[in-house]
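Close look at the chain arrangement
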Amino acid sequence: MSGNRRKAFLVSATLACGALLMTACQDTDATASAGTGAGAAHGSPSATATGNAASPSGSPAPGAAKGTKGGAAGSGSGAGAGDGGRKPVGQVCGANDISWSTKSETQGGGYVLITAKAKPGVTCVLPGALPTVAFGSDGTEAGPAEQAAGKQITLSGNAAAYAGVNPKTTAANGGKELDSIIVAVGDNDPNPVSLPVGTITVDKPVVTNWHTSPKDAVPLH
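My aim in this report is to walk through the structure given alongside it, one point at a time.

Cut-offs applied
Residues numbered from 1 in each chain as written. Predicted model: local features only at pLDDT ≥ 70, side-chain atom pairs only at ≥ 80, totals over all residues. Heavy atoms only, no water. Helix = DSSP H or I, 4+ residues; strand = E, 2+ residues; numbered from the N terminus. Buried < 20%, exposed > 50% of the residue type's maximum accessible area, 1.4 Å probe, protein only. Contact = heavy atoms within 4.5 Å. Areas by Shrake-Rupley, 256 points an atom, 1.4 Å probe, with all protein chains shown as cover. Pairing = 2+ DSSP bridges. Disulfide = S-S within 2.5 Å. Phe/Tyr/Trp six-rings, centres within 6.5 Å; stacked < 30°, edge-to-face > 60°.

On to the overall build of the chain. The helix and strand tally for the chain stands at 4 helices and 12 strands. A total of 221 residues make up the chain; the buried ones form 27% of that total. A fraction of 68% describes how many contacts in the chain between residues 6 or more apart in sequence connect residues 24 or more apart. By element, 57% of the accessible surface of the chain is carried by carbon and sulfur atoms, the whole surface being about 13,700 Å².

Rendered as structure tokens:
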């Protein structure tokens, strides 16, 4: 019975609200024509609501700045729009922001020198951590050739960063024969790249941090 009484109360309340709304509409209609001129002079309320509709939902208005490759996502900072006031800060590089090259070197028993440069129009930051370098279909990953973490490097224009990969650190014969490596900027990089290196033997590989000089990127082990 209590449920029936509650249902009846809700129905009655709905009907009462409907009656009040009808009365309000009749009162509004009586004055609508008199207020039309004033309303037009001050702007339509519905137009104002439409113009601000994006703000409560959190969606940017059409034309608002969005992050893009090349630093817009991380380089713009400021109140709301991301392009005002404060000093730009470069975004973290992804593998697809970079022009890559490799070169076989003989120093230190032989290694592969990886060179990274930002693509034209891109400014990004390589974090002070090891590049992620993997080999073969099983994804054998290179370990650290250095004990300490490196410094972050900003890539833009002709600035370059270098990392050295020693594919074989063991003295014994054996290992995997491969002709390419997979490189990414950290484990969470969604766009790793495959780089040709010629035929190499891989066994317990190591990789250096990023350096601004190729001389510092020799993977001594």
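Looking down a regular strand, the side chains alternate between one sheet face and the other. Of the two faces of strand β5 (residues 132–135), the one holding T132 and A134 and the one holding V133 and F135 are both buried throughout. The sheet contact formed by β5 and strand β10 (residues 176–184) spans 3 bridges and is antiparallel. What sits directly across from V133, in β10, is V183. Here β5 runs beside strand β6 (residues 140–141); their pairing, made up of 2 bridges, is antiparallel. Of the residues in β6, the one forming a bridge with A134 is E141. The antiparallel hairpin formed by β5 and β6 contains 4 residues in its connecting segment, where G136 sits at a positive phi of about 70°.

Turning our eyes to something else, we now look at the sheet that holds strand β3 (residues 111–118). Pairing is mixed across the open sheet formed by 5 strands, whose spatial order is β2-β3-β9-β12-β7. Two strands in the sheet have a free side with no partner beyond their single neighbour: β2 (98–105) and β7 (143–144). Summarising the sheet, β3 and strand β9 (residues 160–166) pair through 6 bridges and their orientation is antiparallel. The partner of V112 across the bridge, within β9, is V165.

Per the stated rule, a full pass over the model turns up 1 disulfide. There is a disulfide in this structure between C93 and C124, and the S-S distance comes to 2.1 Å. Given an S-S torsion of about 90°, the disulfide between C93 and C124 has right-handed geometry. Highlighted residues: C93 in the loop between β1 (91–92) and β2 and C124 in strand β4 (residues 124–126), separated in sequence by 31 residues. Residues C93 and C124 agree in their burial class; the two are buried.

This part covers the packing of aromatic side chains. Considering all chains together, one arrives at 1 aromatic pair under this definition. Arranged with centres 6.0 Å apart and planes meeting at 40°, the rings of W100 and W210 form a pair that is tilted. Highlighted residues: W100 in strand β2 and W210 in the segment after β12 (206–207), separated in sequence by 110 residues. W210 carries the same exposure label as W100, and that label is buried.

Here we take up unusual backbone geometry. Phi angles above zero are rare outside glycine, and K204 is one such case at about 55°. Within the fold, K204 resides in the loop between β11 (193–202) and β12.

Turning to the environment of Q147, a few remarks are in order. Within the fold, Q147 resides in the loop between β7 and β8 (153–155). Judged by its relative accessible area of 87%, Q147 falls in the exposed class. C-alpha of Q147 to C-alpha of T208: the two residues are 61 residues apart in sequence and 9.4 Å apart in space.

Let us look at the sheet that holds β11. In space, the 4 strands of this open sheet follow the order β6-β5-β10-β11, with antiparallel pairing throughout. Looking at the sheet topology across the chains shown, the edges are occupied by β6 and β11. With 7 bridges connecting them, β10 and β11 associate as antiparallel partners. Bridge pairing in β11 links I182 to S194.

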